[in-house]
Amino acid sequence: MTDFERLVEEEGLRGFLVEHVGDATGLEVECHDEGFSNETVFVDWGDHKLVLRRPPLGETAETAHDVLREYTAMDALQDTAVPVPRTVAACEDRGVIGSEFYVMERLEGDVVRFSEPDRFGDPRVRREVAEGVVETLVAIHGVDVDGVGLSDFGDPDGFTRRQVERWTEQIEWAFEETTEEREVPALLEVGDWLAENAPDENPGALVHGDYKLDNLVFDPDGPRVAGVLDWEMSALGDPLCDLGWLLFFWRDENDEESKITQTMLPQFTKRDGYPSRDKLVEMYEDRAGVTVENPRFYRVLAAYKMCALGEMFYARYLMGNSDSTFYAMMEDGVPLLAEDALRMTEER
């Protein structure tokens, strides 16, 4: 049985679609291999263009890859100012296709990863792109969680400190597999720094958990954000964690790039028209009506989270659950990122 056949049991999916979408002629499924977390499968069911999301194959760290949580968030946001795909249905029964999963409608537009669409080439349009990215983030953080039924979506008290603890636990889980290959002492130092500097209080809000350019779909005719994807790590918590994650992936003109950051982080935000990270923070402050007291902490936390994800990817590669060349790159990539994060803790 191929990995693709293990991802989706087609007869089970067919029955699910008949129940929740309606009968149709023809089922086509195609694996989408751009992501590195939950599996994404494009589904054509007659004239319906759909997307199926399910966890990856193999062992995963506890609480990771929670597709049902992702569905709950998007389903609650259907009629809010936050643009999300139209949800169809979720399934907890692993017997249907081999795992829990959900289905949503497919959005038309561009997901921007390592290059920008030609229509973003004008500096004025690039400024509009940045404004839309920030305004969408502010919309997420402004959601009335009681009104949409997400008031029990987590405990914002102590959220940031728990984030440090959670990613430390994920790193420890991965280290059980990876330390026989090589150790990452800088990552331990960064974890200690974060534990010592984590704020005890934060303004509670809905947090996306993975807010960056390639989790957005841009309208095919302009710079408008048409949809926000990948809500598996969403929760009620510290909104500045989202901002720090966005800043980690937003490169400035004078940033020094290592081999790994050149490979995994988009470089086009250095171009004329895109605001700097400092300007991005100012835009967020202006639109959200807040003051960001310690952006350095949140950037370091974001780098630590990326190291944790990278180490988990490398562990999965060593376990034989993935043959991704990107996962294999994390053997050297995580130590480089950890050194960058450690230098960040020393910035003033």
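Anything mentioned here points back to the structure above.
In this section: unusual backbone geometry. Although it is not a glycine, Asp-230 sits at a positive phi angle of roughly 60 degrees. A residue is classified by how much of its surface remains accessible, and Asp-230, at 22% relative accessible area, is partly exposed.

The pairing of strands in a sheet happens through backbone hydrogen bonds and is either parallel or antiparallel. Read across the sheet, five strands follow the order β1-β2-β3-β5-β4 without closing on themselves; strand pairing throughout is antiparallel. Pairing within the sheet leaves two strands with one partner each, and these edge strands are β1 (27-32) and β4 (87-91). The average angle at which neighbouring strand axes cross in this sheet is 20 degrees, direction not considered. Bridge analysis of β4 against strand β5 (residues 101-105) gives four bridges, and the strand direction is antiparallel.

This part covers the environment of Glu-39. Along the chain, the position of Glu-39 falls in strand β2 (residues 39-45). Every residue in contact with Glu-39, bar those within four places of it in the chain, is listed here: Leu-7, Leu-52, Arg-53, Arg-54, Pro-55, Pro-56 and Leu-57.

This brings us to helix α4 (residues 123-141). Between its terminal C-alpha atoms α4 stretches 27 Å, which fits the 27 Å expected from 19 residues at 1.5 Å a residue. Here α4 has its buried residues at Val-125, Arg-126, Val-129, Ala-130, Gly-132, Val-133, Val-134, Thr-136, Leu-137, Val-138, Ile-140 and His-141. On its buried face, α4 is in contact with β6 (205-207), β7 (216-218), β8 (225-228), α8 (239-248) and α10 (277-288). By the N-cap criterion, in which a side-chain oxygen at the helix start approaches the backbone nitrogen of a residue two or three places on, α4 is capped by Asp-122, the distance to Arg-124 being 2.7 Å.

The next thing to look at is the packing of aromatic side chains. The relation between two aromatic rings is expressed through the spacing of the ring centres and the mutual angle of the planes. With the rule as written, the count across this model stands at 13 aromatic pairs. Relative to Phe-249, the ring of Phe-248 has its centre 5.1 Å away and its plane inclined at 85 degrees; by these criteria the two rings are edge-to-face. Taken as a pair, Phe-248 and Phe-249 share a single burial class, namely buried. Ring geometry for Trp-250 and Tyr-274: centres 5.9 Å apart, planes at 80 degrees, overall edge-to-face. Taken together, the residues span a long stretch of sequence, with Trp-250 in the loop between α8 and α9 (259-264) and Tyr-274 in the loop between α9 and α10 at a distance of 24 residues. A residue is classified by how much of its surface remains accessible, and Trp-250, at 0% relative accessible area, is buried. Owing to a relative accessible area of 8%, Tyr-274 belongs among the buried residues under this scheme. An aromatic cluster is defined as three or more aromatic residues linked by ring pairs; in this entry it consists of Trp-193, Phe-297 and Tyr-298.

To characterise two packed helices, one gives the angle between the axes of the helices and the distance between these axes. Their axes nearest at 10 Å, the elements helix α7 (residues 185-197) and helix α11 (residues 295-319) cross at an angle of 140 degrees. In terms of their interaxial angle, α7 and α11 are classed as oblique. Considering the relative orientation of α7 and α11, their crossing is left-handed. Facing Leu-187, Val-190, Gly-191, Trp-193, Leu-194 and Asn-197 of α7, the residues of α11 in contact are Arg-296, Phe-297, Val-300, Leu-301, Tyr-304 and Cys-307.

What follows covers the pattern of salt bridges. If you walk through the whole model with that rule in mind, you get 25 salt bridges. Residue Asp-340 pairs with Arg-343 through a salt bridge whose shortest N-O separation is 2.2 Å. Here Asp-340 pairs with Arg-343, and both are found in helix α12 (residues 325-345), just three residues apart, close to one helical turn. The exposure class of Asp-340 is partly exposed, given its relative accessible area of 23%. Accessibility expressed as a relative area gives 47% for Arg-343, which makes it partly exposed. Sharing partners across several salt bridges, the network here consists of Arg-251, Asp-252, Asp-255, Glu-257, Lys-270 and Arg-277.

This next bit is on the pairing of β8. Across three bridges, the pairing between β7 and β8 is antiparallel. Paired with Val-217 across the bridge in β8 is Gly-227. Where β7 folds back on β8, the antiparallel hairpin that results is connected by six residues.

This part takes up the environment of Thr-72. Along the polypeptide, Thr-72 turns up in helix α3 (residues 67-76). By relative accessible area, which is 36% here, Thr-72 ends up partly exposed. Distance from Thr-72 to Glu-232, taken between C-alpha atoms, is 9.2 Å for residues 160 residues apart in sequence. Once residues within four sequence positions are removed from consideration, Thr-72 is found in contact with Leu-150 and Phe-153. At 3.0 Å, the side chain of Thr-72 and the backbone oxygen of Leu-68 are in polar contact.

Quick notes on the rules
Residues numbered from 1 in each chain as written. Predicted model: local features only at pLDDT ≥ 70, side-chain atom pairs only at ≥ 80, totals over all residues. Heavy atoms only, no water. Buried < 20%, exposed > 50% of the residue type's maximum accessible area, 1.4 Å probe, protein only. Pairing = 2+ DSSP bridges. Helix = DSSP H or I, 4+ residues; strand = E, 2+ residues; numbered from the N terminus. Axes fitted to C-alpha atoms, helices over the stretch in contact; angles between N-to-C directions. Contact = heavy atoms within 4.5 Å. Expected span 1.5 Å × (residues − 1). Polar contact = N/O pair within 3.5 Å; in protein donor to acceptor, adjacent residues only side chain to side chain. Phe/Tyr/Trp six-rings, centres within 6.5 Å; stacked < 30°, edge-to-face > 60°. Parallel < 35°, antiparallel > 145°, perpendicular 65-115°, else oblique. Left-handed = near helix turned anticlockwise from the far one by under 90°. Salt bridge = Lys/Arg side-chain N within 4 Å of Asp/Glu carboxyl O.

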